[in-house]
Each structure stands twice: as C-alpha cells, then as structure tokens.
Amino acid sequence: MIASFSVERDLAKRALDTARKRGASYADVRFVRRDEENALVKNGRLESADRADSFGFGVRAIADGAWGFAASQIVTADEADRVAALAVEIAKASALTKMRDAALAPVEAKTATFTTSVDVDPFAMTVDDRLGLLVAAEAKLRERKGLRTTRAAYSIWREDKLFLSTEGADIQQRLTEVGGGIAAEAVGDGELQIRTYPDGLRYQNSGGWEVLTKWDLVRHAPRVADEALALLKAKQCPQDIRTNVILAGNQLSLQCHESCGHPIELDRAMGSEAAFAGTSFLTTDKLGTFRYGSEQVNIRIDATSPGGLGTFGFDDEGVPASEGWAVKAGLFVGYLMSRETAAALGRRSNGTMRADGWQRVPIIRMTNVSVMPGSAGTLDDLIADTDDGILMDTNRSWSIDDKRFNFQFGTEVGWQIKKGKRGDMIRNPTYTGITPEFWGSCDAVCSQSEWIMWGTPNCGKGQPGQGAHTGHGAAPARFRDVNVGVIK
Amino acid sequence: MSGVLFGDRELREVAERALKAAKGDQAEALVIARTGSLTRYANAAIHQNVTSREADVTIRVVVGRRRATATTNRLDEEGLRRAAEAASELARRAPEDPTFGGLPEPRPIAAAPSAYVERTAEATPMDRARAVKILCDTAKAQKLVCAGFVSSNVQEIAVASTTGTWAYAPQTHAEVQIGAIGDDGSAFAQRVSPDFKELDVSGAAQEAVSKAVRAQRPRETAAGIYEVVLEPYCVRDMVGFLSGHFTGLAVEEGRSFVGGKIGQQVTGAITLVEDPFDAQSMPRAFDFEGQPSERVTLLDGGVARGIVYDSGTAHRVGARNTGHALPPNAFTPSSPMHVRFESGDASHEALVAGVKKGLLVTRFHYTRWVHQLRTIVTGMTRDGTFAIENGEIAYPIKNLRFTQSYHEAWSGVRAIGKDLRLLVAAEQFGLTASCQRIPALRLAAFTFTGSTRY
C-alpha cells in the first residue's frame, strides 16, 4: 500500500508558500522515505545484515533567476519554513555568477500516484525466509572444495515519495526493488579469480522477491563454483590481438550504460558535469545526424519497461515517465533531458531527473537505456554463426574517458570460439575501443528470447555524490575486429 | 559551537537512548551527523547550490555470536526504538558467526589535534558564491570557462557501546575544485583545508588556469612506456588503490599484494604512514567502533611493515586491533584513513627537470582494477597531460589510457616532491571518512596502452 503523506503534504504546501514569499519564482518539495535491507552471507557466516531507513525533505527553488536547494530530516512546520527560506537564500547567492535566468520547459502539473508492480512484497516476508535463500545458496557454493571466499547477498529497497510544486503538481509514488546474487572466489599461483551469478552481486530489478527467486541461485551455485576454480587453470587471454567478440547480455548492458547511457545525458553534453564525471562526445550538433553505431544498433530510453531500475511513474521534476529512441538503426536521435536542459534545446523534458534520496538535488539520470533485441536467434545460434572469436561474460573491470569515447572493459570469464563452437575457457579477458567505432562494428544482436532487463544499482554522478539505479535491457551481441587483451 | 553542530552532549543522549532500546547481549551506537554545503558551478556560473543537514544512527546488536545492524535518521524516541528492535530481531534470526568475538572493550583514546574550525561551520552561501566568482573571473580573464565546486562541511562522529565505549569528535573541511576549460584542452586544481578562511581559492584558480592555457592544442602521442611526473591528484589515486591492500581482510582473502610479504621490499623507496594524529591532515584519534586509532607505518622505504585492522578481523586472524574500523558494512570493514606519503626533497621544477623524455600527468580518470592481486589498474589521463623533453614541459598531448600495476610503478620511483598536498577521498558512508597528504612523484616507467582523440 502506498504511504500516507497527509502531514507531509501540508508541510510541503507550507514550504512552497514560504519559498514564494521569500521571492522564489518556482519551487518544488520532495518528501522521501527510503527503507532498505542488505544481507551478506560469506564463508558460512552472516557477514552483514543491515536494515536502514531514512526520511526527510528537500526544497528546490529558483530565485533571482538562479537555483538553490536545501534539505533536512527534521519534519516540522518550523523546519519547513527554515529550509524553504534557506533554499531561496542559496538561490539568491547563486545569482552572483548568473549568466542567464534559469528557464524550464513546460510540463502539465499532475495529481497522480504510481506503484511498482510487486508479486511478493519483500518487506512483508519473514527475515528467516529472506536469509534462508542466502544460506542455502552460499552453502551450495562451499560444497566445492578449494574456494577462498564464497558469498551470497540480497538487497531489498523501497522508496515512498511525495512531490509538490508551485505549478500545482501533487504526485505520490512507491518504488520497490530487489537484487542479489552469489559469488565464488579462488586464489592460487598469483591469480585471484571470481565467478558470480547472475551479474556480480549487483543484479537488481524493480519488483518483489520474485526478482531474485527466478534466478534459482541454489541450482546455479555448483557451476559458478566450478568456473571460479577452473579459471585458475584457464588460458590467459591473448594479448593485443584483434578478433570478434560476443558480449553476454549482462556485459552488453554495462557497455550500453557507460558508452551510450552517459554520453546521451544532456547535462553532460552541455557541460554541467565537466569537472567531475565529464562531458560527452555526443555534442548537440550531432543530434539526428551522427552515426553512433551500425544499423543493428537500436537503443531505447524507456522509463515504462517492466522490471527496470529506471521504471517509475514520474521523475523528480514531476514529468511523466516516457519512452523514445536514443539510437535508431545506428543514428543518434535522442538525449536524456531535464526541464531546464530541454528548454535550452527548445524541447520538452523526457522525464529523467532523479535524486538520490531527500537530501540530494535531482540531476539527469539514465532511466532504462536498453539495447533492443535483434534477429540473431539464441546465444548458441550466434556462436554457431561465428567462425573465430571470444565470448565474454559478466563484467569485472570498467573504465571510460571523460567524453565517453575511449573505453576498456574486462569480464570475469571468456571462452574461445572456433568454427562455431564454444572452446577453451579464457581468464582475465579484456577489450578496448572507441565508442562509435565499436558500436559501428556490431553486426548481430540476439533475439527477444535472450533479452533480459539488467540493471546498475550503483551509478555514481554529481557533487555531492549521488548513486542512481538504472536499467539496461540487453541480449548477447557480436562485434567484429575488436582490440582484445591488454595484460600479459 | 556553531548551530550546525549537535554537540557531544546531544549525540551522547541519542546514542544512549538507542543502546537502551536494543535487546541483546551487547549493543553499539554509531552516530554520524553532517551539514554539507556545496556550491557547484559550470560554464562559469553556479548551477547547483545545495545544503543538507543529516544525522544517522547505526545500531549494532549482538546476541551470542549473532549480530546485525539497523540504521535510521529518525533520532526521536520512536525512531530509535524501531531501529533498535529491527537490529535486535535481525540479530536473533541471523546465523551464528563462530568467528565473532563480541564488541571491543573500551580502551584509552589519546588526544589528537582538533580538526574542527568554527568559521568553516559558519560559512554562508554568499561566502561560497564569492569564492566561485574568484574562480570564474580568473578563468574568464584567460578566455576560459570553468567548472567545479566550493564546499564547506561539518561532520560529527560519536560512538557508544554497552561495553562502556564513548568517543566523540567534530570535524570540518572546506574544499575547492576547478577545471579550467579551453576550446581543446583543460586543467584541474584542488585545495582542501579544515578552515574555510584558509582555503586557497586563488591558488587553485591560478594553478588550473595557467596550466589550462598551456594545455591548448594538444598533439597526438603514441601509447607506450614513458617516464612520468605525476601530480599529487594522480598519486592520491594510487595511494587509494594500494592502501586498501594494507588491511587485515585483504590479506586474509588473498587479495593483497603485501600478503605474506611483511618485512620484504615490495616497492621502491616510498614510505606510507597511516597517521591519525597528523595535525596537518584531518586528525581523529578513534575509529568507527570507538577504538583508539594507532599510527601504523604501512611502507617504510618500500618495505611492507604494517596492516590495519578492525576488531572483527583482528579477532578472527589473531592480530592486534589497530583501530581502523569503518562504519559497519558488508565488504570493507577497515581502511587506513589518514595516509601520509612521506615527502622527498624535489621541487616541482626539479621533478620535471630530471626527465629527459617523458610525460607530466595532472589527473587520472575513471580508474578501475583490471587485476587486483597484481595491482593492475586501468584509467585515463585528463585535464592537463604534457610531453616533457630535456627537463622541460614541451607541449600538451592528447589523453592516454594506461594499464599499469601501481605497486610495480612505485618500484621505479626516481624522485618524490617535497610539498605535500592535503586531499580528501570521495564521500563514503555519508561522510568524509578519509584524507591523505600526498606529494608529486617521478616514476621511471608507466605503461600507456591506448589513446583518445582529444
């Protein structure tokens, strides 16, 4: 059931009134209550079990044409007045360096609610049931002898939000997410190797406990353990060669996150993140004209995708969730936008502003930025269609430059492909490239049956730092003539 | 003290209420309170300007050899009771941990220099905006744009436990970062000070702007192995990655390059000291379990000397707890938090003058492990990368990707800068937990494995 915010609604209205009286031309207020629980079973013992809750509100205001934001966890009328007044005072200080007045693209002020679809409410389960899954899965890993470290983890997360603005919006949302996984580490002969399932310990989706149980962690544990041990004796990835690469869906999802999701953030393209996260090679003059990838590459921005970590009813500016294209048949056609950055392009926001809790200001974040399925069939079909190459699975290392151009990724495991068959296991696989050249080399994407909504629950951006939960659907895909292997 | 502080007495009351509500054999309350104000600018104008006042209590409850934690920012009676009950319930349901030795007993905590400066707590939005204007005006004078932030921060840390632990410390720090950006080149500078009035805003502006002017029209340079001079911003990154290897857990899990090598030469002549009492850093005499933090020499002239511990890991492996626990978390129980990279005798000019052919790197970007045990990291250069020829900075170059074992790079140390710069790590656990004092460094060889187009 969605939370009651009756007291908070009155306080939000009071804060908006105070902001107006102090000189704000626009203000919004967000109350956010976040509940989460994280648990980790490691080497047969409960390493960590932590329940956390956080509640407070933030006021964002434009005064004298500039922005201010203040936040507090003290939920009283006096504090609502103080924080609203402080947000306006900060905005007026911001005006000291103003080049032009802040302008917002229009949005219809809505009164609405949204709730994540949940089959099994993770917060309504018993602790025993939640921990029981971890204990069983981790114990299964330890049945294989020779592992140094075994882990099983889960996260359950819920956020209740109330948004009111001086334009009349009144929006309540309840978002629920569940994640987790298993990991096996083996150490020997100067090597430390890890295998995880389904995607590091960072797999997460919106939804209920069913998000985790569908992966059947216990059944997969022996294979994960075996692969970690086998990696110690596997062949080292060839160094500095060019070959064909098939990326498993979970790796393609991170490739998409880093080399498409971030560069299509319009605040980056406009320089707002220049000193920290960086800018973007996808400058505004390239919109609609730049060939980002091959015709096989279709990347969608969709905050309505079931299960995505970027799935919601409204963003933190009160803009409805939307869907559209970032890359269509290889052509760059769409940004992630806020009301302010959209206005600068003469467009409307597509609803991508999100804040990491009540105490942070909303910034542009990926919603669900997904590589859409192609027609290459299953992963086995794609391997069968590949004469020579390497299959790389599950991210282990990721790095990309501040314009999102030059990247280098490593995965937990690789397998040689020879004459259409999966061959020897390869350890420490890495590949590197230049974003548009790499996506330009994509010649096959597997079909819908292989497409999974993956997620990144730890995307960092902004100062002060903010974490975001972003969704990325992907199926395995093949890239031709990729630079592989950087370490001996 | 400033109105942004809760203070010793109030946080002690909060902690004691939390402990009273806990139902277990032992309990611990960690209170972290923080007022963070950050004025962010880009395109030479303030675009995000924020302040937030936050306080969280983490209650750790022990039932036999079971334990769990709950964290809340509701400091009222009801909020603390609910969190304490949640932790108690989780602890009762948790599987036993036969290696757990209970909460640490209180030990005397030595006095450390104060890290709190009242006037940092009192800095106003207009104070920060005026600092930003200095940065923007300096950049504009050279026809550059700029981006970065000015912040003022107050944090309080308090730890209480049913074993009798009580520790409290307030801290402040102010920070300025500037990226000065031209048409095809940029540069970066950063300053940190506990005292907002002592924050060298003009010095940061001059450093970034003068370097950015020289960074325009970069040339392409082939990837390869180069001798390098690394500015402190790069060296801080290396210290951040490598200091994580000097922890009890990293050694226990076989993830540390110094595992089994204490007393052995593992790098060139470099000395790293974890010094919680360094008056020129952000000293704090206790850790997040309220245990006294010890000064620990991690590297002594390149010889691995010391490892830091939290109580749980120390008990499990039979080591002495050095008092370096982080706030309760699943993956990183301890860390060095006040690392000083001991200075050498080289001026910045001398570091460059010693290089016949090499590169000067201002800053690393997006660094990640490629092979943790071998300390191989990949990342990019950014914000000012230059060719050095015959002891002089010759011309700017386009950014390069490196893939390099950090500790092996230290094996080739040729000179260490004489000036240490105070830098802080990114926020963790809702606060600034770590700082470092770092010099510039000249290394014989650094492996660049790719290039970019700018």
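Everything numeric in this text was worked out from a predicted model, so none of it was measured.

Rules behind the numbers
- Residues numbered from 1 in each chain as written.
- Chains lettered and ligands numbered in written order.
- Predicted model: local features only at pLDDT ≥ 70, side-chain atom pairs only at ≥ 80, totals over all residues.
- Heavy atoms only, no water.
- Helix = DSSP H or I, 4+ residues; strand = E, 2+ residues; numbered from the N terminus.
- Rg over C-alpha atoms; globule rule 2.2 N^0.38 Å.
- Buried < 20%, exposed > 50% of the residue type's maximum accessible area, 1.4 Å probe, protein only.
- Contact = heavy atoms within 4.5 Å.
- Lys, Arg positive; Asp, Glu negative; His and termini not counted.
- Charge placed at Lys NZ, Arg CZ, Asp CG, Glu CD.
- Pairing = 2+ DSSP bridges.
- Axes fitted to C-alpha atoms, helices over the stretch in contact; angles between N-to-C directions.
- Disulfide = S-S within 2.5 Å.

J.: Any details on the overall build of chain A? Residues and values, ideally.
T.: A tally of helices and strands in chain A yields ten helices and 24 strands. What you see for chain A is a C-alpha radius of gyration of 23 Å, in line with the 23 Å of a compact globule of 488 residues. Seen through its C-alpha atoms, chain A measures out along the principal axes to roughly 70 × 55 × 35 Å. Expressed as a percentage of the 488 residues in chain A, the buried residues total 67%. For chain A, contacts bridging at least 24 residues in sequence account for 75% of all contacts bridging at least 6. Treating the 59 positive side-chain charges of chain A as one cloud and the 64 negative ones as another, the clouds have centres 2 Å apart.

J.: Which residues make up the sheet that holds strand 11 (residues 299-302) of chain A, and what values do they have?
T.: Residue and element names in this part refer to chain A. Ordered in space as 13-12-11-16, the four strands form an open sheet in which the pairing is antiparallel. The open sheet has two edge strands with one neighbour each: strand 13 (331-332) and strand 16 (369-371). Summarising the sheet, strand 11 and strand 16 pair through three bridges and their orientation is antiparallel. From the neighbouring strand, arginine 300 faces strand 16, where its bridge partner is serine 370. Sitting on the sheet, helix 6 (residues 249-261) touches strand 11, strand 12 (323-328) and strand 16, and the angle it makes with strand 16 is about 125°.

J.: Give a description of unusual backbone geometry that names residues and reports values.
T.: Among all residues except glycine, the phi angle is most often negative; among peptide bonds, the trans geometry is most common. Residues and elements named next belong to chain A. Looking along the chain, the bond that leaves tyrosine 197 and enters proline 198 is cis, with omega of 0°. Structurally, proline 198 can be placed in the loop between strand 7 (191-197) and strand 8 (204-206). The amide bond that connects glutamine 463 to the next residue, proline 464, takes the cis arrangement and shows omega of 0°. Within the secondary structure, proline 464 is located in the loop between strand 22 (452-461) and strand 23 (466-474). A positive phi angle, close to 55°, is found at asparagine 428, a residue other than glycine. Among the structural elements, asparagine 428 can be located in the loop between strand 19 (421-427) and strand 20 (430-434).

J.: Which residues make up the state of the cysteines, and what are the values?
T.: Residue and element names in this part refer to chain B. For the coordinates displayed, the defined rule picks out zero disulfides over all chains. No disulfide involves cysteine 435; its sulfur sits 19 Å from the nearest other cysteine sulfur, which is in cysteine 234. Its relative accessible area of 1% is what places cysteine 435 among the buried residues.

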